[in-house]
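An overview of the molecular structure
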Amino acid sequence: MLKKFLSSCLFVIFLSVSLYTTKCYATFVVITNDNLEEAFQRFVSSEANKENYNISVSNNVIDITVDNENYTLNYDLTNKPIFSIEIPITKGMNFTEFQEKNDEVMLLILGYIAVANIQGSEMEDAISYFVFSYLNSVFNSSWMNEDPYVIVRNRSYRKQKRNI
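Residues numbered from 1 in each chain as written. Predicted model: local features only at pLDDT ≥ 70, side-chain atom pairs only at ≥ 80, totals over all residues. Heavy atoms only, no water.

**Notes on the overall build of the protein**
Cut-off, in case you're wondering: In DSSP terms, a helix is any run of H or I states spanning at least four residues, a strand is any run of E spanning at least two, and both are numbered starting from the N terminus. Buried, partly exposed and exposed residues are distinguished by accessible area as a fraction of the type maximum, computed with a 1.4 Å probe on protein chains only: under 20%, between the cut-offs, and over 50%, respectively. Should any heavy atoms of two residues lie within 4.5 Å, those residues are considered in contact. Residue exposure ignores everything except the shown protein chains as possible cover, and the areas themselves are Shrake-Rupley values with a 1.4 Å probe.
Looking only at helices and strands, one finds 5 helices and 5 strands in the protein. Expressed as a percentage of the 164 residues in the protein, the buried residues total 25%. The contacts of the protein with a sequence gap of at least 6 include a subset with a gap of at least 24, amounting to 53%. Carbon and sulfur atoms make up 55% of the accessible area of the protein, which totals about 12400 Å².

Following this line, the structure appears as structure tokens:
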């Protein structure tokens, strides 16, 4: 009888401790225009901004200037943060020009970094996570055995839009 009572008490204590230690008290911070702009300004003034990006945010548009080049990202905070960039693909564009334009997609990482910072991550940690995740997908994906680009002609829509 004593053995059953002790094992029942031990079970209740174990259950109580495991329930207490498995709860996550972290909260999700809603992304707004204001805290998004603040996060981008923290990035611009941080040591993580090694490329010297200049970033301004207004009216669902993020303007980025780096090395005297201007880029525009669009964002939508309606449901969850969505960042996109339009890449014009024109007739007569050679593959090198296409690759240069396609490299602009990497600017979408800035949106990821800003959102991660709003949620409490340090800028450097968000960058490291993204880089390692990207490298993992590059080295472990089956696309390495296939052609990495497929170009489809579409007369009605000549811009490629990518979302993060």
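From this point, the discussion proceeds with the structure in view.
**Some thoughts on the pattern of salt bridges**
Here is the rule: Any Lys or Arg side-chain nitrogen found within 4 Å of a carboxyl oxygen on Asp or Glu counts as a salt bridge.
Taken as a whole and assessed by the stated rule, the structure comprises 1 salt bridge. A salt bridge links lysine 101 to glutamate 104; the nearest nitrogen and oxygen atoms lie 3.6 Å apart.

**Quick look at the packing of helix α4 (residues 109–118) against helix α5 (residues 123–140)**
Heads up, the rule is: Lines fitted to C-alpha atoms define the axes here, with helix axes fitted over just the stretch in contact, and angles between the N-to-C directions of these axes take values from 0 to 180 degrees. For classification purposes, angles smaller than 35 degrees are called roughly parallel, those larger than 145 roughly antiparallel, those between 65 and 115 roughly perpendicular, and all remaining angles oblique. Working rule for handedness: look at the near helix, and if it is turned counterclockwise from the far one by less than a right angle, call the crossing left-handed; if clockwise, right-handed.
As a packed pair, α4 and α5 sit with axes 9 Å apart at the nearest point and diverge in direction by 130°. When the axes of α4 and α5 are compared, the pair comes out oblique. The two elements α4 and α5 cross, and the hand of that crossing is right-handed. Between α4 and α5, the residues in contact are Ile109, Tyr112, Ile113, Ala116 and Asn117 and Met123, Ala126, Ile127, Tyr129 and Phe130, respectively.

**With respect to a nonpolar patch on the surface**
In plain terms, the rule: Nonpolar side chains (Val, Leu, Ile, Met, Phe, Trp, Tyr) within 5 Å and like charges within 9 Å form the patches, drawn only from residues with over 30% relative accessible area and no salt bridge.
A cluster of nonpolar side chains, contributed by Met106, Val131, Phe132, Tyr134, Leu135 and Phe139, occupies part of the molecular surface with about 610 Å² of accessible area. Position of methionine 106 relative to the elements: it lies in the loop between α3 (95–102) and α4.

**Comments concerning α5**
Stated precisely, the cut-off is as follows: Expected helix span is given by 1.5 Å per residue-to-residue step, counting one fewer step than there are residues. Relevant arc is that of directions from the helix axis to the C-beta atoms, nothing else.
The terminal C-alpha atoms of α5, which comprises 18 residues, lie 26 Å apart, in line with the 26 Å expected from a rise of 1.5 Å per residue. Buried within α5 we find Met123, Ala126, Phe130 and Val138. An end-on view of α5 places all buried positions within 100° of arc, on one side of the element. Away from the buried face of α5 by more than 90 degrees, exposed residues Tyr129, Phe132, Phe139 and Asn140 are located. Buried residues along α5 sit against α2 (33–44) and α4.

**Observations concerning the pairing of strand β3 (residues 69–76)**
Both faces of the sheet carry side chains from a regular strand, because those side chains alternate between them. We apply this condition: Any two strands with at least two DSSP bridges between them are considered paired.
Here strand β2 (residues 61–66) pairs with β3 via 6 bridges, running antiparallel. Looking across to β3, one finds that threonine 65 is bridged to asparagine 70. Between β2 and the antiparallel strand that follows it, β3, lie 2 residues; aspartate 67 among them carries a positive phi value of about 50°.

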